[in-house]
Amino acid sequence: GNVRRCTRVGAEVYTFFREQRRMECLIGIKCDTFTILAHDNSAGRSVLVMKQNQDKIFKLEDQLAMVVCGDSGDTVYFGEFIQKSMAFYRIRNGYSLSPNAAANYTRHEMAKRLRQYPNLVNLIMGGYDPKTNQTALYFMDYLGTLADVSFTSHGYGSYFALSILDRFHRSDMTLEEAEELLLKCVLEIQKRLVINLPSFSYYVINESGISEKKTINVEPATKQTQSSETRVEEMDVFT
Amino acid sequence: MARRYDTKTTIFSPEGRLYQVEYAMEAIGHAGTCLGILAEDGILLAAERKNTNKLLDDVIFSEKIYRLHDNMACSVAGITSDANVLTGYLRQTAQKYHLIYQECIPCEQLVMQLCDLKQQYTQFGGLRPFGVSILYMGWDPHYGFQLYQSDPSGNYGGWKATCIGNNHQAAISMLKQEYKDTPTLKEALDLAIKVLHKTLDSTKLNSEKVELASLTREGEGPNAKTVIRVIPGEEVDELIKKYQEMVEAKKREEKEKEKEREATKME
């Protein structure tokens, strides 16, 4: 079954094996008129990064989407399954699930699935409900935890992103302010996290739908730090 | 000749009919009348109480009106034991939906699911169909107030006003004439009493013989709630009295006119 035993010898390996699933980063920000879903673009195994332009979003409705991370096979399977289930509901009944119903349905499937076999999928679901004119954002983890939140994050990057969001998030932010806030989070992650996440993608969901993919690519040399002058000198040393 | 095609439900007759299903509908035609009317601010269900035996114990909620979920209720006509099984299934289906989606099941989906079950009994297994027709009233955010009817064949339809059970044809033809588009709930109640007067066997209509329930929405915005209410006996009696007074008033008017006509003739 899915019982994993930690032997004394294997404990460190096991912990490392599980921890590496936290190397991806997801961020979600909800404001009064829009929701932003962001994910890092890296796809890799262990210490190898295979690509830096991986899509991690699944569009569920015109104004609802989710970003996923975790075991790559599980994430794609689950994402597609939820996507198609919701499409089936829509076709059969003639109307879509509300964001709240969709989130609860997804949680139910996650919990059901985990009781059958190991399933490591973490996700953030967000969107806009045209019936109530409200934005929506939900945190869900691989155990089937569901939380209705104003901002959230998954992965190691969440340790830094959540602190920044705690400090600066307001529900009445404009889109520009929110995009700046997202950039702040990304810069902090890139400054402080030992894992390199050079590229992030994000989507804005509002009453007109889901925007096209927008990318944040920050080059290491342009990172603004307090001791920027010192950094340049250090770089000079190596060249 | 038709006999040979009666014994199994899962067989068509040479004329292309399913006799067992039709016989089930016959059985329902002998059951107590159920009436449903859709108004612009609510829905009402009226049901004839057939068990007016004095020795029967008091009913807690209702004899013929079943609450299915926060947003839906139904009334049945036909074999009561079959009805109990079906309402149990309806309630369970509604809860299963709520468990997964954390919101009330949309009305048509619940009706559809039960009708799929009823249809199975006309196709597989060699079991007899359920001898029950059901009237559903409900509210959901997709289509607002809705009134549905389902029958033993597993067909269902959305209605503005309909009737099942004893004398339902008379009731439906009366509703066709009297129902005007989008009545208020008050007008619908008056119409229901009028129709019940015609369809009930007994001459004297009183609150003992009829059950009325209404479904309305109260409150505004996200705090709005669906309220399902069985109208208490006194209110029903008042409505009946109001109708009877109106009938009396009309009779008196007629008599006056007669007298006038006589008077003018004499002259």
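Calculation rules
- Residues numbered from 1 in each chain as written.
- Chains lettered and ligands numbered in written order.
- Predicted model: local features only at pLDDT ≥ 70, side-chain atom pairs only at ≥ 80, totals over all residues.
- Heavy atoms only, no water.
- Pairing = 2+ DSSP bridges.
- Helix = DSSP H or I, 4+ residues; strand = E, 2+ residues; numbered from the N terminus.
- Axes fitted to C-alpha atoms, helices over the stretch in contact; angles between N-to-C directions.
- Contact = heavy atoms within 4.5 Å.
- Buried < 20%, exposed > 50% of the residue type's maximum accessible area, 1.4 Å probe, protein only.
- pLDDT = per-residue confidence, 0-100.
- Phe/Tyr/Trp six-rings, centres within 6.5 Å; stacked < 30°, edge-to-face > 60°.

Novice: What should I look at first to understand the sheet that holds strand 8 (residues 161-164) of chain B in this one?
Specialist: One key point about sheets: their strands pair by backbone hydrogen bonds, in either a parallel or an antiparallel sense. Residues and elements named next belong to chain B. Pairing within the open sheet is antiparallel, and its five strands lie in the order 8-1-2-9-10. The sheet is open, and its two edges are formed by strand 8 and strand 10 (225-230), each paired on a single side. Strand-to-strand twist of the sheet, defined as the mean angle between neighbouring strand axes without regard to direction, takes the value 10°. Bridge count for strand 1 (residues 34-39) against strand 2 (residues 42-48) is six bridges, and the pairing is antiparallel. By the bridge assignment for strand 2, L35 is matched with A46. Relative to strand 1, helix 5 (residues 185-199) is tilted by about 155°, and along the sheet it contacts strand 1, strand 2 and strand 9 (210-218).

Novice: What exactly am I supposed to notice about the pairing of strand 7 (residues 121-129) of chain A here?
Specialist: All names here are of chain A. Strand 7 sits mainly inside the fold: nine of its nine residues count as buried. Burial of the side chains of strand 7 extends over both faces: V121, L123, M125, G127 and D129 are buried on one face and N122, I124, G126 and Y128 on the other. Here strand 6 (residues 64-70) pairs with strand 7 via seven bridges, running antiparallel. When the sheet's bridge partners are listed, M66 is paired in strand 7 with M125. Both strand 7 and strand 8 (residues 134-140) contribute to a ladder of seven bridges, which runs antiparallel. Bridge pairing in strand 8 links L123 to M140.

Novice: Got a minute to help me understand the environment of E267 of chain B in this structure?
Specialist: All names here are of chain B. With respect to the helices and strands, E267 occurs in the segment after helix 6 (233-266). Judged by relative accessible area, which is 83%, E267 ranks as exposed. The spacing of E267 and E211 is 56 residues in sequence and 52 Å in space, taken between C-alpha atoms.

Novice: Looking at this model, I keep getting lost on the confidence of the model for chain B. Mind explaining?
Specialist: Close inspection of predicted coordinates is inappropriate for parts of the model with low pLDDT. For chain B, per-residue confidence averages 90 on the pLDDT scale, and 95% of positions sit at 70 or higher. In the predicted complex, the global pTM is 0.85; the interface-specific ipTM is 0.85.

Novice: It is not clear to me how the packing of aromatic side chains should be interpreted in this structure. Could you clarify?
Specialist: A ring pair, where both rings are aromatic, is described by two values, the distance of the centres and the angle of the planes. Taken as a whole and assessed by the stated rule, the structure comprises nine aromatic pairs over all chains. Measuring from ring centre to ring centre gives 6.1 Å for Y148 of chain B and Y156 of chain B, while their planes differ by 65°; the resulting arrangement is edge-to-face. Take Y156 of chain B: its relative accessible area is 29%, and that puts it in the partly exposed class. An aromatic cluster is built from Y89, Y95 and Y105 of chain A together with Y97, Y101 and Y143 of chain B, whose rings are joined through pairwise contacts.

Novice: How should the side chain of S211 of chain A be read in this particular structure?
Specialist: Residues and elements named next belong to chain A. Along the chain, S211 falls in the loop between strand 12 (209-210) and strand 13 (214-217). Residue S211 is classed as buried on the basis of its relative accessible area, which comes to 17%. In this view, S211 contacts K59, Y203 and V204; residues no more than four positions away in its chain are not counted.

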